[in-house]
Amino acid sequence: MGFLHPLFLLDPLSLFFLFVIAVISLPVCVYSLGYLQGTPSRKTLLFWALLAAFIASMAFVVTVSNAFFFLVAWEIMSLVSFFLVVFDSEHEKSVKAGIIYAVMTHIGTAFLVAAFLIFYRYAGSFDFQDFRQAGLLMPSSDRNAVFLLLLAGFGTKAGIVPLHVWLPYAHPQAPSPISSLMSGVMIKTAVYGLIRFVIFILGAQVSWWGGLVVVLAGISCLVGVLYALMEHDIKRLLAFCSVENIGIILMGVGLSMFFFSLQMPFLAVFALLAGLYHLVNHAIFKGLLFMAAGSVYKATGTRDMEKLGGLIKKMPQTAAYFLVGAMAISALPPLCGFVSEWLTLQAFVMGSIQLRGGAGLFLGICAAAFALAGSLAAACFVKAFGVTFLALPRSRHAECAGEVPLSMRMGMGFLAFLTVAFGLASGFIVKVLSGVSSQALRVDISGMRFSLNAVTLAPSLARGVSLSVPFLAGTLSVLGLGAWALLRLKAKRPVRYRTWDCGYYKLDSRNEYTAKAFSKPFRVAFSFFLRPYRRTQKIRESFYHVTSFAYETQTTPVFNKYFYQPLLGLVLRSAKFMRRMQPGSIHLYLGYIFVTVLVLILFLKAF
Amino acid sequence: MKPSVLLMTGQWIFFLAAAPFVSGLIAWMKNRLRMRRGQSVFQPYHNLAKLFSKREVFSETTSWIFCFAPAAVMASALSVSLLVPVFMAPELPGLGDFLALIFIFALGRFFLALAALDSGSAFGGMGSSREMFISSLAEPALCLVVFSVAVSFSSTSLAAFSGLHPVGVSSVVASAALFLVMLAETSRVPVDNQETHLELTMVHEAMVLEYSGRSLAVLEMSSHIKQMVWFFLIAQLIFPIGAPFADGFLMWSAWFVARVLVIAAAVAILEVSVAKMRLFRVGDLLGFAFVLGVIALVCALKGV
């Protein structure tokens, strides 16, 4: 069993991912205590067992130092998460989501197995150290093949477009604490895999690799956020937003590979650092948002935003936590999402300044796509928070909602605190992450011209740029307090009156803007991609008398309709064809054996 | 250190005090161009004073978001305005750069859009949705402008941008792109119209429809400040002046005002000569701004 040795690798990269797993798992466990109230005890026990197995398998994935065990841990993680997706198996949707997930994740694993086998041919063992040696020996065609296989394999797990299809089914359908873990942590293990195998082991020396990752990441950003904007199921919205954020993380990773291949090691360290920073941030705020969405689901029994509204008054704490998460994911200062997106944009800018030429333009256009995705995300979360929590409740479910149990609020509170802390402590975090990223890239950063003191972020490759998040936060709060004083000091008591209704009648929740209405301009402007269609139907007594009117508008899921459906059809048709070979006649089967033996004999004779 | 703090405060107060004047001036110019007598250029000050003394009305459906939003909008506008040099470059390292400025503006916009949804009126939702739509489309062009500036000056810092720099093709094209972005961000014709309250056309006005009294005053003041910041950025791109110094601050202030007035005049002329666009045509306008941004970046990368 020599090929199984040594088993664990605890370098800074692994430790960083272990930290991410731990920091999300802890509040998820606390949250689950409250979430499981009212579940039958037999099922609760199963839940805890699966949850423990899930967390442990993720921890194994990021720490083993042997590709064989990596695959074993990876497969356990996939299977356990499959069982968690179908945990509420009484819903038909859960089973469907589970099957899609199981199929997609195994396609991904198949790519990984292929990549590892190519490695094995050159390395002779499954150890990461031997893989690294093998990476140097490989001819470039095999290296490219391995890279593409790894990208497809890990990309499926990460949810890169167009391999993201399972994500919006599986993540929302799992119980909310599991959604938090899946979106917050599990898809990050794929990023770990990419960094470990492509950057650390293969060494990104070809510039089109990085370029390809950046382009795919940019597409993921835009597609993810556009679908998120169209969504009115709050958990599906968050799942699509994970596709977007994985795109942002991979932009950092891809840029790092790109810069590294162009002999710009410091910028490569900086870009990877930005990506890793966004990774931990996304784990925190997406975990928080899924928990808050789960609380809404628990309190109202629906995930459809069109039936919610006004929850800020019924569940003020959950609303505040969701708001913090929404602000962070929209990259608003001074929260953590802002810092990592700013750093990523700085990486783009610095690359453009240094590279000039066509590469500079490429980076500029990718950054513009990134900026568009960022502002669409802000719009998406204005919609998500505004429609779910503000104004009047749109249904009886929302009217009767109440605040969730303490343990759920504690889980969310912890992550909301981290959202703020990871923004304020950005100087320190950047310092730590620069160590992780330089180790992964094997770059000595002692000569690096970043001033990385504890407070200010100054990527001084760009002259005179600095950002101190505590200072910015302080300025914003002092000015905000000043404005508050201006608003309220010695002010007359405000009058409470109903919303202006044009003098017609008293407004009710039917007059509110809905989630669908909010996203209408986006649906029209991006109709070339979203392909919206509408169905209207007049329900009439007679030709002259229409009693009611049914209206439905949907967007076309382009990837499902034009890629996966035809593919699935092809698979099913070929399966049907294959079935003809197995009619159940023993004579025919004996004939098959005879033919096989004959062919084998001829084959052995010939070679 | 002490005198510089004093001067910085002085220029900040000057900047804030002048902001409503610019809006008043644009309104006055528009009226003169339409052959009307028009309101006084100081009308915005009167409006602010009037609103400030009025009692506020809050809708029953609103929550603390509605109350809090004006403070957030004001804080974001004020903290950006701290970075603008009138007669000296502000020494506030750590408050951020050109890129951070975009994010800080987004903070105010986010809360205003939420507040608009909070009242439960369809007008608010309409305004909120449209505002987020327009600002999203403006973002790629803005990002490219920042890129071209960064490539020209090797930095995204506003201090580097504030100095004297040669005006090349890149700066001119970038300023044109920034002008179009500014029209969208400050709700000017042809993107939005501040003068009307028709449900079909309003964007910004629809968002602030439920506000009254001091909150409305604070929101209006924030708009004036934001507009000044945009005007300054455009002016600095095409009419750069050297590093301002303290002893001739009257002259520098005059320079600053003169540059801003040129942009204001351009806005006024544009507003009276074109009609407002349909909402879905705004995408074409901002797409054009994006193309200009690409051209600016190409020119900057070529060093022209």
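Residues numbered from 1 in each chain as written. Chains lettered and ligands numbered in written order. Predicted model: local features only at pLDDT ≥ 70, side-chain atom pairs only at ≥ 80, totals over all residues.

### Remarks on the overall build of chain A
Defined as follows: Runs of E in the DSSP output that reach at least two residues are strands. Runs of H or I that reach at least four are helices, and both are numbered from the N terminus. Between the buried cut of 20 or more and the exposed cut of 12 or fewer other C-beta atoms within 10 Å of a residue's own C-beta lies the partly exposed class, and all C-beta atoms are placed from the backbone. Here contacts are defined at the residue level, using C-beta atoms placed from the backbone and a cut-off of 7 Å between them.
Scanning chain A from N- to C-terminus turns up 24 helices and five strands. In terms of principal-axis extent, the alpha carbons of chain A reach across some 100 × 75 × 50 Å. Counting over 607 residues, chain A shows a buried share of 54%. Contacts in chain A between residues far apart in sequence, at least 24 positions, make up 79% of those at least 6 positions apart.

### Structural notes on the overall build of chain B
The test is simple: C-alpha atoms define the radius of gyration, and 2.2 Å times the number of residues to the power 0.38 defines the globule rule.
Along its length, chain B carries eleven helices and one strand. If you list the helices and strands of chain B from N to C, you get α-α-β-α-α-α-α-α-α-α-α-α. Taking 2.2 N^0.38 as the reference for a compact globule, 304 residues should give roughly 19 Å; the C-alpha atoms of chain B span a radius of gyration of 19 Å, in line with that estimate. In terms of principal-axis extent, the alpha carbons of chain B reach across some 55 × 45 × 45 Å. Every one of the 304 residues in chain B was classed for burial, and the buried ones make up 61%. When contacts within chain B are restricted to residue pairs at least 6 apart in sequence, those whose partners lie at least 24 apart make up 81%.

### Topic: the domain arrangement of chain A
As a reminder of what qualifies: Where a domain begins and ends is set by an automatic assignment or by a domain database.
Here the domain parsing of chain A yields domain 1 (2-473) and domain 2 (558-606). For domain 1 of chain A and domain 2 of chain A, the distance between their C-alpha centroids amounts to 40 Å.

### Some remarks on helix α3 (residues 67-85) of chain A
Residue and element names in this part refer to chain A. Heads up, the rule is: Helix span is expected to be 1.5 Å times the residue number reduced by one.
Relative to the 27 Å expected for 19 residues at 1.5 Å per residue, α3 spans 26 Å between its end C-alpha atoms, a close match to the ideal helical length. Residues of α3 that are buried include every one of Ala67, Phe70, Ala73, Trp74, Met77, Ser78, Val80, Ser81, Leu84 and Val85, and no others. At its buried positions, α3 is contacted by α2 (41-63), α4 (92-123), α5 (128-137), α7 (167-173) and α8 (176-202).

### A closer look at the nonpolar core
General note: in soluble globular proteins, nonpolar side chains tend to be found buried as a group. The test is simple: Residues enter a nonpolar core if they are buried, belong to Ala, Val, Leu, Ile, Met, Phe, Trp, Tyr or Cys, and are joined to the set through C-beta atoms within 7 Å.
Membership of the largest hydrophobic core comes to 336 residues, with the highest contact counts inside it found for Leu150, Val225 and Cys380 of chain A together with Leu114, Ala141 and Ala177 of chain B. Not counting the four nearest positions on each side in its chain, Leu114 of chain B is found in contact with Val382, Phe385, Gly386 and Leu390 of chain A together with Ile65 and Ala69 of chain B.

### A short note on the interface of chain B and chain A
Keep this limit in mind: Only Asp, Glu, Lys and Arg are considered charged, only Ala, Val, Leu, Ile, Met, Phe, Trp, Tyr, Cys and Pro nonpolar, and every remaining residue, Gly among them, polar.
With 69 residues of chain B at the contact, the number on the chain A side is 71 residues. Put simply, the parts of the chain that give the side of chain B that touches chain A at least two residues each are β1 (57-59), α3 (64-81), α4 (98-118), α5 (122-153), α6 (158-162), α9 (213-238) and α11 (282-302) of chain B. Looking at the side of chain B that touches chain A, the element that brings in the most residues is α5 of chain B, giving 17 residues. Grouping the constituent residues of the side of chain B that touches chain A by class yields 40 nonpolar, 20 polar and nine charged.

### Quick look at unusual backbone geometry
Residues and elements named next belong to chain A. The step from Val161 to Pro162 runs through a cis peptide bond, and the omega angle for that step is 10 degrees. Of note, Pro162 is situated in the loop between α6 (140-158) and α7. For the bond from Pro333 to Pro334, the omega torsion is 0 degrees, close enough to zero to count as cis. Note that Pro334 resides in the loop between α13 (316-329) and α14 (336-355). Of note in the backbone geometry, Ala391 takes a positive phi value of approximately 60 degrees without being a glycine. The residue Ala391 is located in the loop between α15 (357-389) and α16 (396-399) in this model. In this structure, Cys502 is a non-glycine residue whose phi angle is positive, near 60 degrees. The class of Cys502 is exposed, set by 10 C-beta atoms lying within 10 Å.

### Some details on the environment of Glu512 of chain A
Position of Glu512 of chain A relative to the elements: it lies in the loop between β3 (495-497) and α20 (515-518). The spatial distance from the C-alpha of Glu512 of chain A to the C-alpha of Trp166 of chain A is 33 Å, given a sequence separation of 346 residues. With residues up to four places along the chain from it excluded, the contact list for Glu512 of chain A reads Gly309, Ala391, Leu392 and Arg394 of chain A together with Gly120, Ala122 and Gly125 of chain B.

### A word on the packing of α3 of chain B against α4 of chain B
Residue and element names in this part refer to chain B. Operational definition: Axis definition: a line fitted to C-alpha atoms, limited for helices to the stretch in contact. Angles are taken between N-to-C directions and run from 0 to 180 degrees. An angle counts as roughly parallel when it lies under 35 degrees, as roughly antiparallel when it exceeds 145, as roughly perpendicular when it falls between 65 and 115, and as oblique in every other case. Two helices crossing with the near one rotated counterclockwise from the far one by less than a right angle form a left-handed crossing, whereas a clockwise rotation gives a right-handed crossing.
Relative orientation of the contacting elements α3 and α4 amounts to 160 degrees, with a least axis distance of 8 Å. On the basis of the axis angle, α3 is roughly antiparallel to α4. Our pair here, α3 against α4, has a crossing hand that is left-handed. Each of Ile65, Phe66, Ala69, Ala72, Val73, Ser76, Ala77, Ser79 and Val80 in α3 lies in contact with α4, whose residues at this interface are Leu101, Ile104, Phe105, Leu107, Gly108, Phe111, Leu112, Leu114, Ala115 and Asp118. Its residues placed into classes, the contact of α3 with α4 shows 15 nonpolar, three polar and one charged.

### Digging into the pairing of strand β4 (residues 532-540) of chain A
Residues and elements named next belong to chain A. Our working definition: The pairing criterion is simple: DSSP has to find at least two bridges between the two strands.
Among the nine residues of β4, zero are classified as buried, and the element is accordingly described as predominantly exposed. The pairing of β4 with strand β5 (residues 546-555) spans nine bridges and is classified as antiparallel. For Gln537, the partnering residue across the bridge sits in β5 and is Ala550. The loop that links β4 with its antiparallel partner β5 comprises five residues.

### What to know about the packing of helix α1 (residues 12-35) of chain A against helix α18 (residues 426-441) of chain A
Residues and elements named next belong to chain A. Relative to each other, α1 and α18 sit at 135 degrees, their axes nearing to 8 Å. Classed by the angle they form, the pair α1 and α18 counts as oblique. Together, Pro12, Leu13 and Phe16 of α1 and Gly435, Val436, Gln439 and Ala440 of α18 make up the contact between the two elements. A per-class count over the contact of α1 with α18 returns five nonpolar, two polar and no charged.

### Notes on the confidence of the model for chain B
Worth spelling out the cut-off: pLDDT is defined as a per-residue confidence score from the predictor, taking values between 0 and 100.
On average, residues of chain B carry a pLDDT of 90, and 97% of them reach 70 or more. The ipTM, which scores confidence in the relative placement of chains, is 0.96 for this predicted complex, and the corresponding pTM is 0.94.

### Comments concerning the environment of Pro405 of chain A
Residues and elements named next belong to chain A. Looking at the secondary structure, you find Pro405 in the loop between α16 and α17 (406-424). Exposure remark for Pro405: the 14 C-beta atoms within 10 Å place this residue in the partly exposed category. Separated by 372 residues in sequence, Pro405 and Leu33 place their C-alpha atoms 9.1 Å apart. The contacts of Pro405, once residues within four sequence positions are left out, are Gly34 and Gln37.

### Re α18 of chain A
Residues and elements named next belong to chain A. Over its 16 residues, α18 runs 22 Å from end to end, which matches the ideal 22 Å to within 8%, given 1.5 Å per residue. Turning to α18, its buried residues are Ser426, Gly427, Ile429, Val430, Leu433, Ser434, Val436, Ser437, Ser438, Ala440 and Leu441. With its phi angle positive at about 55 degrees, Arg442 sits one or two positions after the end of α18.

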